[in-house]
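# Breakdown of the fold
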Amino acid sequence: MDTTAPSPLQRTKSLTDNMSDASRQSRYLVKRCFTKYLEKGRRIIKLDYLMEEMEQVINDISERNQILEGNLGFLLSFTQEAVVDPPYVAFAVRPNPGVWEFVRVSSEDLSVEPITSTDYLKFKERIYDQKWANDENAFEADFGAFDFPIPNLTLSSSIGNGLHFVSKFLTSRFSGRWEKTQPIVDYLLSLNHQGESLMINDTLSSAAKLQLALIVADAYLSALPMDTPYQDFELRFKEWGFERGWGDTAGRVKETMRILSEILQAPDPVNLENFFSRIPTIFNIVIFSIHGYFGQADVLGLPDTGGQVVYILDQVRALEAELLHRIKQQGLNVKPQILVVTRLIPDAQGTKCNQELEQIIGTKNSNILRVPFQTDKGILRQWVSRFDIYPYLERFTQASKILNLMEGKPDLIIGNYTDGNLVASLMARKLGITQGTIAHALEKTKYEDSDVKWKELDPKYHFSCQFMADTIAMNASDFIITSTYQEIAGSKDRPGQYESHASFTLPGLCRVVSGINVFDPKFNIAAPGADQSVYFPYKEKDKRLTQFHPAIEDLLYSKVDNKEHIGYLENRRKPIIFSMARLDVVKNLTGLVEWFGKNQRLRSLVNLVIVGGFFDPLKSKDREEMAEITKMHDSIEKYQLKGQFRWIAAQTDRHRNGELYRFIADTKGAFVQPALYEAFGLTVIEAMNCGLPTFATNHGGPAEIIVDGISGFHIDPLSGEESSNKIADFFEKCKVDSTHWNEISEAGLQRINECYTWKIYANKLLNMGSIYTFWRRVNNEQKEAKQRYIQMFYNLMFKNLVKTIPVPRDEPQQPVPKQQSLRKQGTSSRRSKSRLQS
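Everything quoted here is computed from the prediction, not taken from an experiment.

So, on to the pairing of strand 4 (residues 99–106). Across the 8 residues that make up strand 4, a large majority, 7, are buried. Judged from the 7 bridges that link them, strand 3 (residues 88–96) and strand 4 form a sheet pairing that is antiparallel. Across the sheet, residue Val 93 finds its bridge partner in strand 4, namely Glu 101. Pairing of strand 4 with strand 5 (residues 112–115), which is carried by 4 bridges, proceeds in the antiparallel orientation. Bridging across to strand 5, Phe 102 finds its partner in Ile 115. Hairpin remark: strand 4 followed by strand 5, antiparallel, with 5 residues in the connecting loop; positive phi at Leu 110, about 60°.

So, about the environment of Asn 59. Tracing the sequence through the fold places Asn 59 in the loop between helix 3 (47–57) and helix 4 (61–68). On the basis of relative accessibility, which here comes to 62%, the residue Asn 59 falls in the exposed class. Between the alpha carbons of Asn 59 and Lys 539 there is a distance of 58 Å; along the sequence they are 480 residues apart.

Here the amide bond leading from Pro 86 into Pro 87 is cis, since omega sits at 10°, within 30 degrees of zero. Structurally, Pro 87 can be placed in the loop between strand 2 (79–85) and strand 3. Here the phi dihedral of Met 199 falls at roughly 70°; this positive angle occurs in a residue that is not glycine. Residue Tyr 417 is not a glycine yet carries a positive backbone phi of 60°. Positionally, Tyr 417 belongs in helix 16 (residues 417–431).

Under the criterion given, the structure shown has 50 salt bridges. One salt bridge connects Glu 53 with Arg 43, and the closest N-O pair in it is separated by 2.8 Å. One end of the pair, Glu 53, is in helix 3; the other, Arg 43, is in strand 1 (residues 43–46), and 10 residues separate them in sequence. The pair Glu 53 / Arg 43 is uniform in exposure class, with both members buried. Of the charged contacts in the structure, one is a salt bridge between Glu 784 and Arg 788, with a shortest N-O distance of 3.6 Å. Pair noted here: Glu 784 and Arg 788 are both in helix 30 (residues 780–802), with a separation of 4 residues, about one helical turn. Overall, Arg 788 belongs to the exposed group, its relative accessible area being 56%.

What counts, and at which threshold
- Residues numbered from 1 in each chain as written.
- Predicted model: local features only at pLDDT ≥ 70, side-chain atom pairs only at ≥ 80, totals over all residues.
- Heavy atoms only, no water.
- Buried < 20%, exposed > 50% of the residue type's maximum accessible area, 1.4 Å probe, protein only.
- Helix = DSSP H or I, 4+ residues; strand = E, 2+ residues; numbered from the N terminus.
- Pairing = 2+ DSSP bridges.
- Salt bridge = Lys/Arg side-chain N within 4 Å of Asp/Glu carboxyl O.

Pasting the structure below:
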């Protein structure tokens, strides 16, 4: 990233700068360090290994500290990794989140030279494909080249506040003369629903005319009772050039008009955001979530099917409720529609995933539309892994069914995950519609060096397709929604998921010198909530689902092993610490069991209950899960956990799960989320909603959700002894101070209600949709130029990669049916460093 002034690193000419003549020994030791780094030849070295190899060379602690106080220590304090290419070592240095510098150090004279990100990528490439790295015609992608007209944020602390930045920039552009606000007038003139004009008509074609009409309307409204319905003065307003959409009452209309009048006179970002949140921009939304089994029942735990299904269904209910509320306040009689488009799977494993259209429970006008994957032979019947999904996506973008069902184009398209975001990008471009993307979890950061090792991993995981698809969607999108800051830009010590796409390389295929800029104002943080009709406080006794209590009692305390639970709890008087997640390495449930097994103090205070996975490794299709199941059984035996530990198989009934949280709160227990890395942490939100004190990983989103020691506790998944002692300390304090448990419980609930509810989320997302639709219009020329570049990249790179993925041909496939009309059809209803195994 360019900076206006050189950093201390850029001003450093040599690692021995500022060393006195008496420090020849220090110079000798620094040189020995670099000799050590070079002795294994070309390689990538992570910071831990850089420090470890330094310790091998410099045994004396005082000498080592002296070195670390100099330029080498300054360099290493911000280094993420280094690349050895004798006689040089290149360093990737990250002084602040989102800010990267690259330097190379000569092992011969210890000179320091700044290099570009492209140069640094070539250092990495030479390890894996030297000929390609040195090829002047190697394929380079530079998406940032088209962003120069668009301003970016400058402070790392501002990353993720894109909406507010856009509002400030727009108001600065509109300040001054009347003519500068004409884009607002033109935008209002463009608003319509099914051909009917909204807000204003052609009578008010300039800012001056609109301002004069607003003055006249304000005087007229001042004489009316504020609760006068809009219909009572609609005809008068139409004569003056106003159409419906300003509000449902005289008071609401007067307030909206006052805000616009102030914007036209003296624009300010607060008024601009407020105004765009009020105007009728969004009625129909399409949401893509393609992979896995997307359904409302009996799907959780099936392959590639987890929290994203719950997230999207809750998201839809919240969005529809907010749309209905806004449309009523706008004085309109319009039924909003939300369509979740996913895959239709003929072999549906007993679910409704073979049903084309299904109403979403708890909504009025929202549905799931399932579209089958098609091959040249017909419809693909079986489930397809998310890693193998790419050959079907382009055909999946046929918009006719969506347009038919919605009786027109949607106003906003939202993608989810790599596949949904790519399809959303293709369809948004085709229809000219505003697009938002939600990554949820980007695979690139989950596995160390998965970009440079893509050739090794591609036959099974097709990461080349995934990383290219992610990069396309990020750049095509009008706005990006993340759950946390860390998802975008990580923390002081660890890059974020999106940040890892700033520049990267797939040696032999593509060098992405500028992928995505996390300072781009398209990034926004909107944390989801939990369904508060399901996850509500344990103290709300009248709402408790007592019909589940006998089953939960048996689930927790029955001493008989069966297909749903094994192990038992001897002392029922002990509180329960409880965790629920998928049984994989990153979720670290087996790590929690080890912590518990090793900590006798903790074992004397509480029982442990784990919910997740199968008991029999042969029932799993996932090798990682199979290994974790075996490890769980080994830990039970190794630490003799009988009588203190209960293992419950994965549970899919979220209503019963909600009551399970509350039941454990009744025992004055706690929830523990020990993941090695967690992008957000929906179970953390669920537990806190139920009033359950929560201990959660400090690696990822939960570190933002919980205020440590106040609304819950952070734990370090890489330090089991420290984390288990922190949990034990809490329960010991609760024994001494009976109010302590309640204090943490109440503070957790307060934190959720202030920051993490679906109502807050829906309001933020619709505000984004409104503002970025206008932003897209204002920057149309730049947007179109970049879209053409993205389309070229898609055609030249991505489509060729897709051809390398085999399409199943063995199973019988049914022919593609003739398209049927769906109109009017009704329905009833430290970051994880896990390595992929080959």
